[in-house]
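Coordinates in review
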Amino acid sequence: MSKYIPFTDEQKRRANSIDIADFLRRQGEQLTRAGRDWRWKRHDSVTIRGNQWYRHSREEGGLAIDFVREFYGLSFPEAVTLLLGGEGGVEWNQTHKSAPAPRKPFALPEMNSDMRRVYAYLIKQRFIDRDVIAHFAKSKMLYESCERSADKTKEYHNAVFVGYDENGVPRHAHKRGLYTVGGSYRGNVEGSDPAYSFHHIGANDTLYVFEAPIDMLSFITLYPEDWKQNSYVALDGVAEHALLRQLELNPRLQKVVLCLDHDEAGIEAAGRLTEIIQARGYWKVSVRQPEYKDWNEDLKAKNGVASIPAQGHPKLEVLPEICAGLYETCKSLISAHNPDAVLLEHYEKLKPLIANGKLPQGKAPAVTEHLEVMAAAALLAAQRQYRQMEQPAAIEQLIAELQDSYRPHRDRGMLRSRADDLRQDVSSLNRQISATGLRSPEDKHNLIASYLRLALDCVRSQIFVRLEELKQNTETLCLQKADGNVQQAEHTGLASQRLML
């Protein structure tokens, strides 16, 4: 365990003011420009501006210290020490600042004289229907740009997807490179208003939501029947601004279908957007996933091209197994006279195992056992309260409700933050349990909610431990394999030397 180092307020301020882009470059990380910001290549949903960062896929952000804690898994003292360059508090020696240039007014890129490259790329490489392309080209929502390099020696051609506001004024443009070899460029034109991304509004009451314009055109190609009557919007990511703007401008849109990518980020975004939409009174929200990773991959597969497979969410994949184990533990504890005592006993055993915020090597089974027993005891205690209120609830029902309530986009943070959640849950329960006098119906409902919250936080922690254990086992196997390859190479080298002798 690292020694705790007290920091002055001035040291904390300096650590938080570190330029994150410069810090990442010194770690060997790659960044790309995204308008006024930098985008981290390893986590492409993270944008950086000076000492500030924002993770769009999870709608969270902060300053430099939080960044290092979140992505490097360090404690607060360790994060400050790293940012300041050592225990002595020496400020990071920044080689250059990445402060963005002043914001430019929005302007559409220069238009090419034809759309030959756009048609060739979207039809031959992306399999988009020609008539669909022609519709958006005729509506001046899609064109080919011709942009020159700063030294005027090169030309760059991009497909430009234009978003208009309610007055027909272009306010947003997304560029997609047309190169078919290597990674092609994609990004929004500087000054674009995220509320007016590429979209089509029809006459019916349903809005289909996509991550990118090509996903939207692919979906229309796959499901062309009366497509012009439908409404579509491409978010250029997973932020909600364009979606909410179209709902605001078009009151007839009462149904939302989230058609995001079939991967971890898309699954989390669908959950987050569902909550945002429903909070604004739109209750008819559904999720429609592509069979492969995204809708263009589905379109490629339909045309006989190898496609990127869908990716499930790892947390959702282990959740059913954890809930099944929870049911068995509940059955074994059903005769426990005092589930509160069982809960507190296992919490006391759990605390030293997670005290430093890191999963001890080889202790995952013990941590999992304590968490599972705590969750089971909490559910049995909640069941007892329901029974006293003459509202009987079966354990199977409580576990099913717990599983249904789990949202991966809300389940974030390292083991340290999970330990803090458990501590707060247990502390709250202790106060409620030790309160004297008769409990009112409201008190009983609050107590049940506290038990269920603790059970859910235990399950969240179990999921983290299970995935962390798998990660540790994988890393161990990789190291063993690497050591085996080295030993094999050494053995082969010695054998060769003997043959030469």
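Refer to the preceding data block for the structure.
Notes on the structure in this doc start here. (Residues numbered from 1 in each chain as written. Predicted model: local features only at pLDDT ≥ 70, side-chain atom pairs only at ≥ 80, totals over all residues. Heavy atoms only, no water.)

Attention shifts here to the packing of aromatic side chains. Inspection of every chain in the model, using the stated rule, returns 16 aromatic pairs. Each ring, one from W40 and one from F67, has its centre 5.3 Å from the other, and the planes form 45°; the classification is tilted. One end of the pair, W40, is in strand 2 (residues 37-40); the other, F67, is in helix 3 (residues 64-72), with 27 residues separating them in the sequence. Taken together, a centroid distance of 5.0 Å and an interplanar angle of 45° make the contact between F67 and F71 tilted. (Phe/Tyr/Trp six-rings, centres within 6.5 Å; stacked < 30°, edge-to-face > 60°. Helix = DSSP H or I, 4+ residues; strand = E, 2+ residues; numbered from the N terminus.)

Turning our attention to the sheet that holds strand 2. Taking strand neighbours across the sheet as the criterion, the five strands line up as 1-2-3-4-5 in an open arrangement whose pairing is antiparallel. The sheet is open, and its two borders are formed by strand 1 (31-34) and strand 5 (60-63), each paired with just one other strand. On average, each strand axis in the sheet is inclined to that of its neighbour by 25°, with strand direction left out of account. Bridge count for strand 2 against strand 3 (residues 46-49) is two bridges, and the pairing is antiparallel. Within strand 3, the residue paired with R39 across the bridge is T47. (Pairing = 2+ DSSP bridges. Axes fitted to C-alpha atoms, helices over the stretch in contact; angles between N-to-C directions.)

Spatially, the four strands line up as an open sheet ordered 6-9-10-11, and their pairing is antiparallel. Since the sheet does not close on itself, it has two edges, and those belong to strand 6 (142-144) and strand 11 (186-188), each with one partner. Looking at each pair of strands side by side, their axes are set apart by 20° on average, direction ignored. Alignment of strand 10 (residues 170-177) against strand 11, held across three bridges, turns out to be antiparallel. Considered in strand 11, the bridge of R176 is made with R186. Sheet strands in contact with helix 5 (residues 116-125) are strand 6, strand 9 (158-164) and strand 10, and its direction is about 115° off that of strand 6. (Contact = heavy atoms within 4.5 Å.)

On to helix 9 (residues 264-279), then. An ideal rise of 1.5 Å per residue puts 22 Å on 16 residues; helix 9 measures up with 23 Å between its terminal C-alpha atoms. All buried positions along helix 9 are accounted for by G266, I267, E268, A269, A270, G271, R272, L273, T274, I276 and I277. On the buried face of helix 9, the contacting elements are helix 8 (241-249), strand 15 (255-258), strand 16 (284-287) and helix 11 (314-333). (Expected span 1.5 Å × (residues − 1). Buried < 20%, exposed > 50% of the residue type's maximum accessible area, 1.4 Å probe, protein only.)

For K140, which is not a glycine, the phi torsion comes out positive at approximately 60°. Its place among the elements puts K140 in the loop between helix 6 (130-138) and strand 6. With a relative accessible area of 62%, K140 lands in the exposed category. The phi angle at D236 is positive, at roughly 55°, despite the residue not being glycine. Accessibility expressed as a relative area gives 21% for D236, which makes it partly exposed.

Before going further, it helps to examine the side chain of S149. By the secondary structure assignment, S149 is in the loop between strand 7 (147-148) and strand 8 (155-156). Here the side chain of S149 touches T153 through a polar contact of 3.3 Å, landing on its backbone nitrogen. (Polar contact = N/O pair within 3.5 Å; in protein donor to acceptor, adjacent residues only side chain to side chain.)

Further remarks concern the nonpolar core. The nonpolar side chains of a soluble globular protein tend to be buried with one another. Within the largest apolar cluster, 51 residues are counted, with the highest numbers of intra-cluster contacts made by L326, L350, V367, L379, L422 and L454. Counting residues per element, the ones that place at least two in this core are helix 11, helix 12 (339-350), helix 13 (364-388), helix 14 (395-405), helix 15 (415-434) and helix 16 (441-500). The element contributing the most residues to this core is helix 13, with 14 residues. Non-local contacts of L379, meaning those with residues more than four positions away in its chain, are made with L326, C330, I395, L398, I399, L402, L452 and A455. Of all hydrophobic cores here, the second largest spans 36 residues; its members include Y121, A173, I214 and A234. (Core = buried A, V, L, I, M, F, W, Y, C linked by side-chain atoms within 4.5 Å.)

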